[in-house]
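Given next are the chains, with one letter for each unit.
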Amino acid sequence: MKDKLVTREKLVVIGNGMAGIRCLEDLLSAAPELYDITVFGAEPYGNYNRILLSPVLAGEKTIDEIMLNDLNWYFENNITLNKGRTVVEIRRDRKVVIADDGSETPYDVLLIATGSDPVLLPLPGKDLPGVITFRDIHDVDQMLDAAKSGKKNAVVIGGGLLGLEAANGLMKNGMAVSVIHLMDTLMERQMDETSGAMLKASLLERGMTFHMNGRTKQIIGDKKSGVQRVELEDGSTIDADLVVMAVGIRPSIELAQKAGIHCERGIVVDDTMLTYAPGIYAVGECAQHRGQAYGLVAPLFEQAKVCANHLSRRAFASYKGSMTSTKLKVTGIDLFSAGNFAGGEGTEELLLQDEKAGVYKKLILQDNRITGAVLYGDVIDGAWYYQLMRDGSDISDLRRQLLIGQANLGDAGHGGINVAAMSNSAEICGCNGVCKGDIVHAISDKGLFTLDDVRKHTKASSSCGSCTGLVEQILQTVLGGDYSQAPKEKPLCGCTDHPHDRVRRTILEQELKTIPDVMTFLEWRNKNGCASCRPALNYYLLCAWPGDYIDDGQSRFINERAHGNIQKDGTYSVVPRMWGGLTNPKELRAITDVVDKFNVPEIKVTGGQRIDLFGIAKEDLPAVWRDLGKAGMVSGHAYGKALRTVKTCVGSSWCRFGTQDSTGLGVKLEEMTWGTWTPHKYKMAVSGCPRNCAEATIKDLGVVAVDSGYELHVGGNGGVKVRVTDLLCKVDSEDEVLEYAGAFLQLYREQAHYLERTAPWIERVGLPFVKQRIVDDADGRLKLFERFKYSQKFSQNDPWAERANTTTHSAEYTPIKELV
Amino acid sequence: MSKNSSPETEPNWTKIGRVEDITRLGSRIIKREAGNIALFRTQDDQVYAIADKCPHKGGPLSQGIVHDCFVTCPLHNWVLNLKTGMAAAPDEGHVPTYPVRVDNGVIFLDLAVGKSSTAAIKQCA
Ligand code: SRM
Ligand SMILES: Cc1cc2nc3c(=O)[nH]c(=O)nc-3n(C[C@H](O)[C@H](O)[C@H](O)COP(=O)(O)OP(=O)(O)OC[C@H]3O[C@@H](n4cnc5c(N)ncnc54)[C@H](O)[C@@H]3O)c2cc1C
Ligand code: SF4
Ligand code: FES
């Protein structure tokens, strides 16, 4: 946390939307300490991805999924967020902004990012209940409510991108949808006549109705029951319970105008995003740069970056305007448009049209360069054309293959576009301006393995999501075999189609805190799941919410529920913990007393350096534990997916070769980690020299002491498939051993699939990944270690003591009735 | 259930205990010379009784994980239907079931073997 006492310049941001907050993100990563930041947002939420409102409306995403920065982000970055607060006045004379609650907030630097307002046609009836626009979460809620409450007919005024996405979403929610469009081509600003007609045909097929060349005259209804009909100029009427106006947007500039800041269509800014007023910047849809106001995020993010550069006082970037491209986010309809697609004087046209296959491609060329593109049905090459267009590449040599496309040339083995053939400078994510090279570097340098990681590090595919497939393919080409497993990931069990990783992620993202919540949210097929998924979910929840989650005993395998190992005859075995393999007369006496008192049929020294008592009746368990507990012994978790043993050798205290106190270190490791629950059992060992008597190199984590310190080995396994450990690193002190061991254990706890031991886990994620997280990233290692220690607060209670001394658990161990 | 047909007055019904004595999705055993019986309580409070002996290798079914109206045997993961006593495919086998009646939260069992075929009286939702 920053120290609030230091006086910093005050930066106030008006508008908690996509451009303003992106600018803050860029600013914070360059100069986190420069300003005291206050954000005003008229909407009552954190920052969300407006673009994805369409998929939310269509039921393909949830509101939670489109949140970009939750309230915690503001808190962590020391940003004061005034959500649900509209700024009503900027007082430049006193350098304050006044909000709708009358409060005044002083600024040194002001950033206006108010976006735009949807245009409301001045029609009679425009204020009737049921007439809305499509701009924010509230609008989507209203549409979903209308559909849910059984309203049948929706009319969308405007057949542009927004209108069609709204229409599609409403249709998906079961409404009959008519679209009124002023022109005779849908999306005429992005589509030519032919592609527009193809688009219309496929929407008609889905059941949408159109009124082309339709001019709305009035909306009919009454204040009480709301809208009823829409009347067109030609006298025809259309029944309507809901009217969505999607006829355009207007930069939101009133605030700036009132403050006397120079505005035209938008707030006029220079190449540094500075307005005509000193100290006041503007970015986003509200800004007008070189005569142009933009309505897509790609240019706005470029503006945000430039503005952040100046806010952070590095001040070398300049914004030169953007070229834009468009896609429609209607699942199943592929459409791409960029640049001047209409052609005209001095241009030529390349055309490919295959009506049966529903494919249309048109490129406009001028002086052997692409200046515009419209693609319908097959948009895979959109990114390539766009790249050629932005670079102004001479396509003379490519001309003959241009329309066939890069995707269909060479190796298209990945079922589509050939990303391998793309150059590193090819743009992959249009929204965020991320090139192939950026992604490739991030994957190899930072050791990324998943789409989510790439999103976090590069922002690629994090906005409209249409390049997700490309990013996945890049992952695949860079990681090879490592990644190809991911799409084939097996479902957790037969009750669901979701693989382990997705379930774990969803638990965190959706803050799911009980097994029934997880099952409901992820639409589990079987009531109560099964004996495979319930223990997995119980573990995932336990690991995700230490201290919060209430362990569900009924979802544990009997060994973990009863805290003993069930034997083939239904009796149990009892293995008390012997720290680092050490014991003493008191413990040994307690053990022999128990053997006598309960007629224990067999005692054995285990392979894990402790003593096992076999053949104990379930009803006797609490009493056995009570007696062992009196001698200071606790559960050895020999039955659990948990920390098992820490084997040690004698080490420097007695052994003539010993270099360090291996026994003592083993005891410390065991004291730190006992009681923890893990994806599978977890074993450690410490050997005092490379002769390795404790067999540390076939343990999940093994320490081999040498003269100069400690080698840490990970991912070993005896058992069914023997695997020798990989050397993780070497450290100098016992404290470091504990820190690295704790961090590694936590990484395994957070990442592995349930019932996956460290050996197969490391083979799956790769040693470089583990090294990166534990060795290279000191900060991350500490955080993992902190999380481990935190979770240990709640797990280091001896389960035997709890059960030996209370009656709460007695039902588990006693019959409900005995009949003779 | 009307008073005059109360299970307590019928010779075949043995009073066992209360439904709350069994955890939801849990089990208790009835200890018997003739082999233990496992009593189960499902999520929606249905109670079932089957022999506590897996048709596979005799595993104590009472120690298994209960899901819907099934239990998974703790020894080798056979899945048994609590209503019918049948093992779920691909395994084949059957475990005796015992009729259960619940009256005002009190569990009664008909221990007479042979009646087990009529045990599937309750629907497992
Ligand atoms: C008691 C013990 C054998 C002994 O008498 O020495 C033992 C006994 C069992 N082992 Fe083990 N293992 C014992 C040390 C080992 C070791 C040696 C070690 O820890 O150094 C190994 C190989 C090292 C390893 O784990 O990598 C070992 C590899 C296994 C495996 C194979 C694991 C694997 O990853 O392939 C299983 C099967 C499993 O876990 O699925 C297993 C499973 C079992 C189970 C739990 C079988 C079961 O599910 O019922 C046995 C329980 C016996 C009981 O009722 O107590 N046991 N088992 C040892 C207890 C150690 C302790 O003090 O806790
Ligand atoms: C349904 C839909 C789909 C879209 N699809 C795409 C797409 O596929 N691709 C694409 O590139 N773009 C798309 N867009 C456009 C994109 O969302 C916008 O270009 C982008 O959100 C604009 O960012 P902004 O920060 O300028 O404005 P906004 O994100 O609108 O943020 C402005 C914020 O400022 C707040 N505000 C305004 N005035 C005040 C005030 N006085 N006080 C306090 N707060 C105030 C507003 O409430 C708003 O939250 C879509 C838009 C919508 C609505
Ligand atoms: S490995 Fe080394 S320290 Fe350990 S017992 Fe053998 S010789 Fe001694
Ligand atoms: S004894 Fe039940 S599955 Fe083997």
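Residues numbered from 1 in each chain as written. Chains lettered and ligands numbered in written order. Predicted model: local features only at pLDDT ≥ 70, side-chain atom pairs only at ≥ 80, totals over all residues. Heavy atoms only, no water.

Asks: Explain the overall build of chain B to me, and be specific about the residues and the numbers.
Replies: Counting its secondary structure elements, chain B contains zero helices and 10 strands. Helices and strands in chain B line up, N terminus first, as β-β-β-β-β-β-β-β-β-β. Residue burial in chain B is summarised as follows: out of 125 residues, 52% are buried. Partitioning the contacts of chain B with sequence separation of at least 6, the portion at a separation of at least 24 is 41%. Counting only carbon and sulfur atoms, one obtains 50% of the accessible surface of chain B, whose full area is about 5,800 Å². (Helix = DSSP H or I, 4+ residues; strand = E, 2+ residues; numbered from the N terminus. Buried < 20%, exposed > 50% of the residue type's maximum accessible area, 1.4 Å probe, protein only. Contact = heavy atoms within 4.5 Å. Areas by Shrake-Rupley, 256 points an atom, 1.4 Å probe, with all protein chains shown as cover.)

Asks: Lay out the overall build of chain A with the relevant residues and their values.
Replies: Regarding its fold elements, chain A presents 26 helices and 39 strands. Counting across all 820 residues of chain A, residues that qualify as buried make up 53%. Put simply, 62% of the contacts in chain A that link residues at least 6 apart link residues at least 24 apart.

Asks: Requested: an account of the packing of aromatic side chains, with residues and values cited.
Replies: All names here are of chain A. What the rule picks out here adds up to 14 aromatic pairs over all chains. Ring plane angle 90° and centroid distance 5.9 Å describe the contact between Trp 579 and Trp 674, whose orientation is recorded as edge-to-face. Highlighted residues: Trp 579 in the loop between β31 (572–574) and α18 (585–597) and Trp 674 in the loop between α20 (662–673) and β35 (682–687), separated in sequence by 95 residues. You can call Trp 579 partly exposed: its relative accessible area is 21%. Here the aromatic rings of Tyr 790 and Phe 794 are separated by 5.1 Å at their centres, their planes lie at 75°, and the arrangement is edge-to-face. Here the residue Tyr 790 and the residue Phe 794 both occupy positions in helix α24 (residues 778–795), the gap between them amounting to four residues, near one helical turn. Taking relative accessible area as the criterion, Tyr 790 reaches 39% and is therefore assigned partly exposed. Every member of this aromatic cluster is reached through a ring pair, and the members are Tyr 682, Phe 744, Tyr 748 and Trp 761. The ring centre of Trp 545 lies 4.5 Å from the NZ or CZ of Lys 513, which sits over that ring. (Phe/Tyr/Trp six-rings, centres within 6.5 Å; stacked < 30°, edge-to-face > 60°. Lys NZ or Arg CZ within 6 Å of the ring centre and 35° of its normal.)

Asks: Report on the sheet that holds strand β1 (residues 13–18) of chain B, specifying residues and quantitative values.
Replies: Backbone-to-backbone hydrogen bonds join strands into a sheet, with any given pair of strands oriented parallel or antiparallel. Residue and element names in this part refer to chain B. Read from one edge of the open sheet, three strands run β1-β10-β9, paired in antiparallel fashion. Every interior strand has two partners, whereas the edge strands, β1 and β9 (100–103), have only one. For this sheet the average axis-to-axis angle between neighbouring strands, irrespective of direction, equals 30°. Pairing between β9 and strand β10 (residues 106–110): four bridges, direction antiparallel. When the bridges of β10 are listed, Arg 101 appears paired with Phe 108. (Pairing = 2+ DSSP bridges. Axes fitted to C-alpha atoms, helices over the stretch in contact; angles between N-to-C directions.)

Asks: Which residues make up the pairing of strand β2 (residues 35–41) of chain A, and what values do they have?
Replies: Within a regular beta strand, the side chains point alternately toward one face of the sheet and then the other, so they alternate between its two faces. Residues and elements named next belong to chain A. Of all seven residues in β2, six are buried; the element is thus mostly enclosed. In the classification by handedness, the crossover that spans strand β1 (residues 9–14), the intervening helix α1 (residues 18–30) and the parallel β2 is right-handed. Relative to strand β5 (residues 80–83), β2 runs parallel, the two being bridged by four bridges. Paired with Gly 41 across the bridge in β5 is Lys 83. (Right-handed = clockwise from strand over helix to strand, strands pointing away.)

Asks: Describe unusual backbone geometry, and please don't skip the residues or the numbers.
Replies: Unusually for a residue other than glycine, Asn 528 of chain A sits at a positive phi of about 60°. Along the polypeptide, Asn 528 of chain A turns up in the loop between α15 (515–521) and α16 (533–544). Take Asn 528 of chain A: its relative accessible area is 11%, and that puts it in the buried class. Of note in this structure, Asp 45 of chain B is not a glycine but carries a positive phi near 65°. Along the chain, Asp 45 of chain B turns up in the loop between β3 (37–41) and β4 (47–51). The partly exposed category is assigned to Asp 45 of chain B, whose relative accessible area is 31%.

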